[in-house]
Every structure is written in structure tokens, then in C-alpha cells.
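Next come the chains, spelled out residue by residue.
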Amino acid sequence: MRVVGLTGGIASGKSTVARMFQKAGAVIIDADRIARQVVAPGLPAWREIRETFGPAVLLPDGSIDREALGRLVFADPDKRRRLERIVHPRVGQEMATRMAHAEQTDPDAVVLLDIPLLFETDRTQGLSDIIVVYLPEALQCRRLMERDGLSETDARARMNAQLPLAEKRRRATIVIDNSGPMANTENQVQAVYRRLTGQPGGKKEEWFHDEA
Ligand SMILES: CC(C)(COP(=O)(O)OP(=O)(O)OC[C@H]1O[C@@H](n2cnc3c(N)ncnc32)[C@H](O)[C@@H]1O)[C@@H](O)C(=O)NCCC(=O)NCCS
Ligand SMILES: Nc1ncnc2c1ncn2[C@@H]1O[C@H](COP(=O)(O)OP(=O)(O)OP(=O)(O)O)[C@@H](O)[C@H]1O
């Protein structure tokens, strides 16, 4: 089984690119999705969040108020680290379980680990490639503001909680440029997937973007 990391910055287009890879045939393991599942009401991580941050981060139905928790943790690095200490180990465990399952189901699968904080949490070991979804910072900020209805200050606070995207791009083995139209991104994904699966037409010139 080939295990590939997929990362980028907030709103750089990881989910969009992951969907394209899934359509092409890859198995996707999505850390953000798992991070939502492990904090479902009643689970140990949910209890720890309630004890650490208080009832103000819960909605009336008991589920986590993600907007309220996001406001807290993206304004205060110490609170963010406390939340990460609760959530990350559980996400890591669940990802390992899903990888083992994918290996059993299809030993020839290309498995993409979609992890926004791949570099920040030092999860690069054992990966055959690291794909970074890149776009210039100004465009990243605009897409984030539009998608989540954030002010520029709030969008910048979220971007600043991560390693700069230009630094991630430097550490990538494959860069997907998502600054253009979706069709352009789709073409890059197709070429990268052909290369990852050893199909013809996936040669380096077609997918690799030099560092600027
Ligand atoms: C703070 C929370 C509640 C905000 O929830 P919300 O639904 O608004 O955002 P969502 O979870 O969809 O995350 C969106 C993006 O924010 C960025 N982000 C999330 N958590 C973090 C973090 N701890 N540090 C830096 N960036 C982060 C990522 O790029 C992610 O893709 C949530 O992000 C969370 O629980 N974060 C802690 C867990 C975590 O680190 N998740 C990221 C990878 S496992
Ligand atoms: N090539 C593109 N052209 C225009 N809009 C795009 C393009 N790619 C993605 N988008 C839009 O940009 C936003 C961010 O994309 P997406 O949600 O895939 O990013 P993400 O990296 O998964 O975000 P997060 O880090 O928050 O999980 C979305 O609203 C998406 O529809």
C-alpha cells in the first residue's frame, strides 16, 4: 500500500483536491473529519473539552459549539495547544485504525492522509510522498474569508496558527497549484494520480511545479 500525505494551509483547497483524488480512485483518510467525530457528545474527548473550556463551548443540544471554540483557540495559542492535546492523540489512533483497514481491504491502494497540520505535528514519517496544495497567501485569505464569513483579522489569525504555506511548499515532494480554475487543479490531480499508480503519462514534467 502506498501512503501519501496531503496537506496545505487553511482553505488552500485540501478537501477540494482530496475529492478529486477520491474520484480518481484513491482512498482518503481525512483528519479534520475524524477530529469532528472524536468530539461527539459523550465521548472522552468531548468530556475533556467540556471540563477544560466550560459549558460556553457547548450548543444547547450538548454538541461542541465549533464557532465559539474556534474563537477561543485561534485567539490564544495556549488554549489551542490544550485543545490539540485532547484531540490529536485520538485522531492519530483512529487514522492508524483506518490505515490498517485500508491495507487489509486493498493492499495495492493509494491512501491519502489529508492532514492540515502534517508538518506542525511531525507526521511525515513513512509517507512515500507529501503533496502540498498551494496558492498565494492573499488568495488563500480571500477564499477563507468568503467560505467561512470571517473578517480579515479572524482569517489572518487562523492562517497565523499554521506554518506559512510557502514553507510547506518548500517541504513538499509534490506541489499542486490551486490558484487557478478548478479544471486546472483537476488536470494536475489526474497527472499526479497516474504517477502515484505508475500509469503512463504521469511523468515528472507534467505534475511537478518548481519552487518560485
Ligand atoms: C477549533 C475548531 C473547533 C474549529 O472548528 P471549525 O469547524 O471552525 O474548523 P475545522 O475543524 O473544519 O478546521 C478547519 C481548518 O482549520 C485549521 N485548524 C484546525 N485546527 C487547527 C489548529 N489546532 N491549529 C492550526 N490550524 C487549525 C485547519 O486548516 C483545518 O483544516 C476545530 O478546528 C478543532 O477542533 N481543532 C483542533 C483539532 C485540530 O487540530 N484539527 C486539525 C487537524 S487534526
Ligand atoms: N480552484 C479553485 N477556484 C476557486 N475556488 C476554490 C478552488 N479550490 C477551492 N476553492 C474554494 O476555496 C475554499 C477552500 O477550499 P477547501 O474547503 O477545499 O479548502 P481546505 O484546504 O480543505 O480548507 P480547510 O483547511 O479549512 O479544511 C472553498 O470554498 C472552495 O470551494
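Here goes a summary of the coordinates provided. (Residues numbered from 1 in each chain as written. Chains lettered and ligands numbered in written order. Predicted model: local features only at pLDDT ≥ 70, side-chain atom pairs only at ≥ 80, totals over all residues. Heavy atoms only, no water.)

1. Things to note about the pairing of strand β3 (residues 110–114)
Counting buried residues in β3 gives five out of five residues, a clear majority hidden from the surface. Of the two faces of β3, the one carrying V110, L112 and D114 and the one carrying V111 and L113 are both buried. Direction of pairing for strand β1 (residues 2–8) relative to β3: parallel, over a ladder of five bridges. Opposite V4, over in β3, you have L112 as the bridge partner. As paired strands, strand β2 (residues 27–30) and β3 are joined by four bridges and run parallel to one another. Among the inter-strand pairings, D30 is bridged to a residue of β3, identified as D114. (Buried < 20%, exposed > 50% of the residue type's maximum accessible area, 1.4 Å probe, protein only. Helix = DSSP H or I, 4+ residues; strand = E, 2+ residues; numbered from the N terminus. Pairing = 2+ DSSP bridges.)

2. Examining the packing of helix α1 (residues 14–24) against helix α9 (residues 182–196)
Look at α1 against α9: their axes get within 10 Å of each other, and the N-to-C directions meet at 50°. Between α1 and α9, the crossing angle belongs to the class labelled oblique. Here the hand of the crossing between α1 and α9 comes out right-handed. Of the residues in α9, those in contact with T16, V17, M20, F21, K23 and A24 of α1 are M182, T185, E186, V189, V192, Y193 and L196. Taken together, the residues that form the contact of α1 with α9 break down as nine nonpolar, two polar and two charged. (Axes fitted to C-alpha atoms, helices over the stretch in contact; angles between N-to-C directions. Parallel < 35°, antiparallel > 145°, perpendicular 65-115°, else oblique. Left-handed = near helix turned anticlockwise from the far one by under 90°. Contact = heavy atoms within 4.5 Å. Nonpolar A, V, L, I, M, F, W, Y, C, P; charged D, E, K, R; others polar.)

3. Focus: the site of ligand 2
Taken together, 15 residues are adjacent to ligand 2, and K14, S15, T16, R147 and G180 come closest. Take S12: an N or O atom from its main chain is 3.2 Å from an oxygen atom of ligand 2. With respect to ligand 2, the side chain of R147 contributes an N or O atom lying 2.7 Å from an oxygen atom. Where the shell around ligand 2 is concerned, the elements lending two or more residues are α1 and α6 (137–148). Ranked by residues supplied to the shell around ligand 2, first place goes to α1 with three residues. Here the shell around ligand 2 is composed, by residue class, of four nonpolar, seven polar and four charged. (Near = heavy atom within 4 Å. Polar contact = N/O pair within 3.5 Å; in protein donor to acceptor, adjacent residues only side chain to side chain.)

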